[in-house]
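Single-letter residue listing:
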Amino acid sequence: MRSTKLLALASALALAGCGSGSGADPGAGAPQGADAFLGAGCPDAGVRPNGDKEFTYWSMWNADEPQGRVLSKAIRCFTDKTGVKVNVLWLGRDLLTRNIAPALNTGTVPDLFDQDVSQVMATVVAAGGTQPVQDVLDYRVGEGDLKVRDVLPVSSYDFPQNKGPDGKIFEIPYVVFGSAWWYDRTVAGRVTAPKTTDELFQLFDNAKSSGVAAIAQDGDRSTSNAALFTQAALRYLGAGGLVKAAEDKTGEVWRNDVGLYQAAEFVEKIAKGRYLIPGWDSAKYPTLQHRWATGEAAYLSLPGWLPGETKDYLARKGGDHSVSLASFPFPQPPAASHTVAERVPVGFAVTAKAKNPGAAKAFIAYVLNKDILSGVPAVADNLTPRADLAVPESQKDIKAGLTDPGVEQALYLDGVNAVAGGRWVEAVLYPLTDNLLRGNISATDFIDAVADKQVRFWKGAK
């Protein structure tokens, strides 16, 4: 049974208006359902590798989570249709730093791996560990004569951050996560999507006044802490603006751009207002995400993997607790002039030392077959880059932002986590956004410290 304070919050916020829940669905209706997908037959492969009898795939997923279940079916079907064995290791989110990067200078690397494009750029591409996958665009996907380039929007793979030093793409996407503020209607009530950050803070104040923490945040995830700053900064600077600021070797951009200061003020206001759930800065991920899922906080800012992870967690937890998910985009800060949608493209990359690249690339094309990729929305409640697949209800507003021609498209964190092979965020941004959100420094302190540390960083960079 929900506590009286949660019911009070729902009642109080019901006066705020109706849920945002709008946004056109360009896909083919609702997802088919997990059981229907997992029980369906296997489509034929568009490409049958010549010579390769097997290949090795190191996955960022775990076999028993929703995306892992989708890919497990893809692997089984690919072997059934081509005879090619897939040697898969389910290694989890840290496979780049824990497994692939240490293996790059050895003879034991996978043929295929996956992760989001910025992390792959920082950890593997920068070290010369990938090969181009441009040729995969001309592989058939198993739907007649349709090729990969026919089923994926050009913008999903052809952008600067997905190109190596040779100017060729190094990753083919199969999942896209958009960024959002999430809430459970049964906890936060019926919420009108805030258009400004002032309206956002009013929602936070309403939550606090009803006895529920406003924001859940896993404070040991520096990327999530930094995202509260970068989302605000992108509305002032526009897509690509943060990368330019990060690459300024003088640090003066940080001192002179008022938008960067105002973005820091947004985070400072969260810290000073005590909107974060108690214990946020000492718990280990995903403890606070789970506490949010069980109703202990009203709002949570994360990319679009949240619905699938929440559903999976509650299913494992058991009981009759459920959530009624809704979301809204990051609202506009004062005087900000850029409307931006952030995305996290996750895709497949092939290592430079791959022994079976042909089979690995054929598998990439096979996963993009409509009957295989439909498992992403059906099982994992996530978005795909294909425009003709269903859109989960919880993702419709995110999808609308990612496909709106009037909205600037940016990578999550603006892709600054790939600057200098990922070293800039670790040395400069992450420690300071952590301190800013903890209330240890002010917005002014933050800007001065970034500028100073950035000068020292670039002087010592090689």
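Refer to the preceding data block for the structure.
So, here is what we can say about the structure in this document.

What counts, and at which threshold
Residues numbered from 1 in each chain as written. Predicted model: local features only at pLDDT ≥ 70, side-chain atom pairs only at ≥ 80, totals over all residues. Heavy atoms only, no water. Helix = DSSP H or I, 4+ residues; strand = E, 2+ residues; numbered from the N terminus. Rg over C-alpha atoms; globule rule 2.2 N^0.38 Å. Buried < 20%, exposed > 50% of the residue type's maximum accessible area, 1.4 Å probe, protein only. Contact = heavy atoms within 4.5 Å. Areas by Shrake-Rupley, 256 points an atom, 1.4 Å probe, with all protein chains shown as cover. Arc of directions from axis to C-beta. Phe/Tyr/Trp six-rings, centres within 6.5 Å; stacked < 30°, edge-to-face > 60°. Salt bridge = Lys/Arg side-chain N within 4 Å of Asp/Glu carboxyl O. Axes fitted to C-alpha atoms, helices over the stretch in contact; angles between N-to-C directions. Parallel < 35°, antiparallel > 145°, perpendicular 65-115°, else oblique. Left-handed = near helix turned anticlockwise from the far one by under 90°. Nonpolar A, V, L, I, M, F, W, Y, C, P; charged D, E, K, R; others polar. Pairing = 2+ DSSP bridges. Polar contact = N/O pair within 3.5 Å; in protein donor to acceptor, adjacent residues only side chain to side chain.

**So, the overall build of the chain**
Inference 1: Along the backbone of the chain there are 20 helices and ten strands.
Inference 2: For a compact globule of 462 residues, the expected C-alpha radius of gyration is about 23 Å, and the chain comes in at 22 Å, within 12% of that figure.
Inference 3: Projected onto its principal axes, the C-alpha positions of the chain cover 65 × 55 × 40 Å.
Inference 4: The proportion of buried residues among the 462 residues of the chain is 55%.
Inference 5: Partitioning the contacts of the chain with sequence separation of at least 6, the portion at a separation of at least 24 is 79%.
Inference 6: If you sum the accessible surface of the chain, you get close to 18200 Å²; carbon and sulfur atoms cover 50% of it.

**Some remarks on helix α4 (residues 95–103)**
Each full turn of the α-helix corresponds to 3.6 residues, which orients residues three or four apart in the same direction.
Inference 1: Taken together, the buried positions of α4 are L95, L96, I100 and A103. Take α4 and look down its axis: the buried residues cluster within an arc of 110 degrees, on one side only. In α4, those exposed residues whose orientation departs by more than 90 degrees from the buried face are T97 and R98.
Inference 2: Close packing links the buried residues of α4 with β1 (54–59), β3 (112–116) and α5 (117–125).

**A short note on the packing of aromatic side chains**
Centre-to-centre distance and the angle between the planes together describe a pair of aromatic rings.
Inference 1: Evaluation of the coordinates by the stated rule reveals 24 aromatic pairs.
Inference 2: Measuring from ring centre to ring centre gives 6.2 Å for F55 and F78, while their planes differ by 75 degrees; the resulting arrangement is edge-to-face. Taken together, the residues span a long stretch of sequence, with F55 in strand β1 and F78 in helix α3 (residues 66–82) at a distance of 23 residues. F78 carries the same exposure label as F55, and that label is buried.
Inference 3: Relative to F204, the ring of W181 lies with its centre 5.5 Å away and its plane at 55 degrees, an arrangement referred to as tilted. Within this pair, whereas W181 is found in strand β5 (residues 172–184), its partner F204 is found in helix α8 (residues 197–209), the two being separated by 23 residues in sequence.
Inference 4: The class for F204 is buried, based on a relative accessible area of 0%.

**Thoughts on the pattern of salt bridges**
Inference 1: All chains considered together, the criterion is met by 20 salt bridges.
Inference 2: For D44, the salt bridge identified is with K81, shortest N-O distance 3.3 Å. Taken together, the residues D44 in the loop between α2 (34–39) and β1 and K81 in helix α3 connect sequence positions 37 residues apart.
Inference 3: Note on K81: relative accessible area 22%, which makes it partly exposed.

**Points about the packing of helix α12 (residues 258–272) against helix α20 (residues 443–460)**
Inference 1: Closest axis-to-axis distance for the α12/α20 pair is 8 Å, and the angle between their directions is 130 degrees. Judged by the angle between their axes, α12 and α20 are oblique. Crossing of α12 against α20: the hand is right-handed. Of the residues in α20, those in contact with L260, Y261, A264, E265 and E268 of α12 are A443, T444, F446 and I447.
Inference 2: Taken together, the residues of the contact of α12 with α20 sort by class into six nonpolar, one polar and two charged.

**Some points on the pairing of β3**
Inference 1: Counting buried residues along β3, five of its five residues qualify, which places the element largely inside the surrounding structure.
Inference 2: Two strands pair when backbone bridges link them, and β1 and β3 are joined in this way by two bridges, in the parallel orientation. Note on β3: the bridge partner recorded for Y57 is L112.

**Digging into the pairing of β5**
Inference 1: Taking burial as the measure, the 13 residues of β5 include 13 buried ones, the bulk of the element.
Inference 2: The pairing of β5 with strand β9 (residues 340–351) spans six bridges and is antiparallel. Bridge pairing in β9 places P173 opposite G347.
Inference 3: Alignment of β5 against strand β7 (residues 297–303), held across five bridges, turns out to be antiparallel. Looking at the pairing, S179 lines up with P303 of β7.
Inference 4: The sheet contact formed by β5 and strand β8 (residues 325–328) spans four bridges and is antiparallel. By the bridge assignment for β8, W182 is matched with S327.

**Some details on the environment of V120**
Inference 1: Its location among the elements puts V120 in helix α5.
Inference 2: With a relative accessible area of 0%, V120 lands in the buried category.
Inference 3: With 183 residues separating them in the primary sequence, V120 and P303 have C-alpha atoms 18 Å apart.
Inference 4: Sequence-distant contacts of V120, defined by excluding residues within four places in its chain, comprise L96, F113, Q115, V125, T130, F170, E171 and A349.

**With respect to the environment of R423**
Inference 1: Within the element layout of this structure, R423 appears in helix α19 (residues 423–437).
Inference 2: Expressed as a C-alpha distance, the spacing of R423 and T123, which sit 300 residues apart in the sequence, is 9.8 Å.
Inference 3: In this structure, R423 is in contact with F457 and K462, ignoring residues within four places of it in sequence.
Inference 4: Here A420 takes part through its backbone oxygen, which lies 3.0 Å from a polar atom of the side chain of R423.

Don't take any of this as a statement about function, it's just geometry.
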